[in-house]
Amino acid sequence: MNNAIAQTTALLSTCALLLTGCSSGTKTVTSANNSPNSTTNNTATDTAATTGTLSGAIPIGIAVAQTSNVALLGQEQVAGAKLAEKYFNSKGGVNGTPIKLVFQDTSGDEAGTINAFQTLINKDKVIGIVGPTLSQQAFSADPIAERAKVPIIGPSNTAKNIPEIGDYVARVSAPVSIVAPNSVKAALKQNPQIKKVAVLYAQNDAFSKSETEIFQQTVKDQGLELVTVQKFQTSDTDFQSQATNAINLKPDLVIISGLAADGGNLVRQLRELGYKGLIVGGNGLNTSNLLPVCKALCDGVLIAQAYSPEHPGEINAAFRKAYTEEYKKEPPQFSAQAFTAVQVYVEALQALDKKSKVNKLQLPELRTELNKQILVGQYNTPLGEIGFTPIGEVVQKDFYVAQIKMAKDGSQGKFTFIK
């Protein structure tokens, strides 16, 4: 979280000016519509004062992708956040004051994320934001929150340099440089004869570009031959050219960095064209929503994990039980990370409230003090014990690798964790 923010586009500069403007007078802060589908098409020209104290439930913004091809990930985050809201309010919220999540749909692009952030900050007057879904979106929208001095906790932003965006940006999603190599090492354990590797990645997605660099370096570090690097777009549905080019080079391992929809279709087409070797998927494929895309052909895909439903601990047991009762399946990583992000806000607010009653603090001061408290706290979460470095990088010790196991007819499947 460097104080010096990298130069942004003219659009972001304009957005920042809108955020820092404020009218005279004092307003009471109230939470907005809690509908998970609440969206806005305005460009957030609301420059009303951001002063005032809390009245009623404490509003926390949730800005994730509920629509577009990214919704396969964002919907899991909505589920995790809602479970956290219900769980922590049942425990008394923030020392007796409930929290209230305010949802804004970022869709799958930068413009939608900027719009969602502006609305949450200027209109909904949230104390902090969980989001966005993609690192690509974070690089565009997080600087807006930084200028407004609103805390951000990234639930799934694992690209390089996310915390360095600013002093108010943290993440509970471990960086790809730590997580990604684990799946390649797991593939080598399953097949020590792997020599040739083909890498495919979504060139229009910041996270995928960051992740593929780590994967490619891991391939070299393991003494393997990188036979080809193929590019695609997250919006693509036809991967015949890339898949054929890769298969013709006879790789023993294929590594894919993309999102659930495009990644799932790529897995399917690789198998349909006759590829028999191991496949490693990146974090964008780390969702059960991948399974209906490639169905039986998903079988065997290896994906590194920052969460396991089997992780011991009271909070994870409660989260797992609530999720399985609600959705009739094991909780995925994206839900666990969203739950964790809300938990960090709640527990940081609880600690802050014991020092200075949060409902007595003016909103700007509350946001600033909350940001400080987040960074010094230690949290026992579904991900395990976590904390933060001074720049907002998550400190986490437990990581895993899962392999997808599908029924032969493709009707159902699950992530099986490798011991």
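The shown structure was predicted, so the numbers you read here are calculated from the model rather than taken from an experiment.

With respect to the overall build of the chain
Moving on, step 1. Looking only at helices and strands, the chain features 13 helices and 15 strands.
Moving on, step 2. Considering the chain as a whole, with its 419 residues, one finds that 57% of them fall into the buried category.
Moving on, step 3. Put simply, 73% of the contacts in the chain that link residues at least 6 apart link residues at least 24 apart.
Moving on, step 4. When the accessible surface of the chain is totalled, it reaches about 16500 Å², and 49% of it is carbon and sulfur.

So, the pairing of strand β6 (residues 196–202)
Moving on, step 1. Extensive coverage of β6 is indicated by the burial of six of its seven residues.
Moving on, step 2. Sheet topology places β6 next to strand β7 (residues 225–232); seven bridges connect them, and they run parallel. From the neighbouring strand, Ala198 faces β7, where its bridge partner is Thr228.
Moving on, step 3. Note on the crossover from β6 through helix α7 (residues 206–221) to β7: the handedness is right-handed.
Moving on, step 4. Examined bridge by bridge, β6 and strand β8 (residues 253–257) share five bridges and lie parallel to one another. Among the inter-strand pairings, Val197 is bridged to a residue of β8, identified as Leu253.

A short note on the pattern of salt bridges
Moving on, step 1. Under the definition given, this model contains six salt bridges.
Moving on, step 2. A salt bridge links Glu325 to Lys321, with the nearest nitrogen and oxygen atoms 2.7 Å apart. Taken together, the residues Glu325 and Lys321, both in helix α11 (residues 314–327) and four residues apart, mark about one turn of the helix.
Moving on, step 3. We classify Glu325 as partly exposed; its relative accessible area is 45%.

Examining the sheet that holds strand β10 (residues 302–305)
Moving on, step 1. Pairing in this open sheet of seven strands is mixed, and the strands run β7-β6-β8-β9-β10-β14-β15 from one edge to the other. Either end of the sheet is taken by a strand with one partner, and the two such strands are β7 and β15 (413–417). Taking each pair of neighbouring strands and ignoring which way they run, the sheet shows an average axis angle of 25°.
Moving on, step 2. Pairing analysis gives four bridges linking β10 to strand β14 (residues 400–406), with the strands arranged antiparallel. Of the residues in β14, the one forming a bridge with Leu302 is Gln403.
Moving on, step 3. Sheet strands in contact with α7 are β6, β7, β8 and β9 (278–281), and its direction is about 170° off that of β6.
Moving on, step 4. Helix-sheet contacts for helix α9 (residues 260–272) involve β6, β7, β8 and β9, and the interaxial angle to β8 is about 160°.

Some thoughts on the environment of Ser90
Moving on, step 1. By secondary structure assignment, the location of Ser90 is in helix α2 (residues 71–90).
Moving on, step 2. For Ser90, a relative accessible area of 56% gives the class exposed.
Moving on, step 3. For Ser90, the side chain forms a polar contact with the main-chain oxygen of Tyr87, separated by 2.5 Å.

Observations regarding α9
Moving on, step 1. Over its 13 residues, α9 runs 18 Å from end to end, which matches the ideal 18 Å to within 8%, given 1.5 Å per residue.
Moving on, step 2. In terms of residue burial, α9 counts as a mostly covered element, since ten of its 13 residues are buried.
Moving on, step 3. Those residues of α9 not exposed but buried are Ala260, Asp262, Gly263, Gly264, Asn265, Leu266, Val267, Gln269, Leu270 and Arg271.

So, the state of the cysteines
Moving on, step 1. Tallied over the full model, the rule gives one disulfide.
Moving on, step 2. At a sulfur-sulfur separation of 1.8 Å, the disulfide partner of Cys294 is Cys298. Around the S-S axis, the bridge from Cys294 to Cys298 shows a dihedral of about 100° and counts as right-handed. With respect to class, Cys294 is no different from Cys298; both count as buried.

Here's the deal with the environment of Glu330
Moving on, step 1. Take Glu330: it is sitting in the loop between α11 and α12 (333–355).
Moving on, step 2. Residue classification places Glu330 among the partly exposed positions, given a relative accessible area of 39%.
Moving on, step 3. Along the chain, Glu330 and Pro309 lie 21 residues apart, while their C-alpha atoms are 6.8 Å from each other.
Moving on, step 4. Every residue in contact with Glu330, bar those within four places of it in the chain, is listed here: Pro309, Arg320, Tyr323 and Thr324.
Moving on, step 5. Among the polar contacts made by the side chain of Glu330, one reaches the side chain of Arg320 at a distance of 2.5 Å.

Calculation criteria
- Residues numbered from 1 in each chain as written.
- Predicted model: local features only at pLDDT ≥ 70, side-chain atom pairs only at ≥ 80, totals over all residues.
- Heavy atoms only, no water.
- Helix = DSSP H or I, 4+ residues; strand = E, 2+ residues; numbered from the N terminus.
- Buried < 20%, exposed > 50% of the residue type's maximum accessible area, 1.4 Å probe, protein only.
- Contact = heavy atoms within 4.5 Å.
- Areas by Shrake-Rupley, 256 points an atom, 1.4 Å probe, with all protein chains shown as cover.
- Pairing = 2+ DSSP bridges.
- Right-handed = clockwise from strand over helix to strand, strands pointing away.
- Salt bridge = Lys/Arg side-chain N within 4 Å of Asp/Glu carboxyl O.
- Axes fitted to C-alpha atoms, helices over the stretch in contact; angles between N-to-C directions.
- Polar contact = N/O pair within 3.5 Å; in protein donor to acceptor, adjacent residues only side chain to side chain.
- Expected span 1.5 Å × (residues − 1).
- Disulfide = S-S within 2.5 Å.

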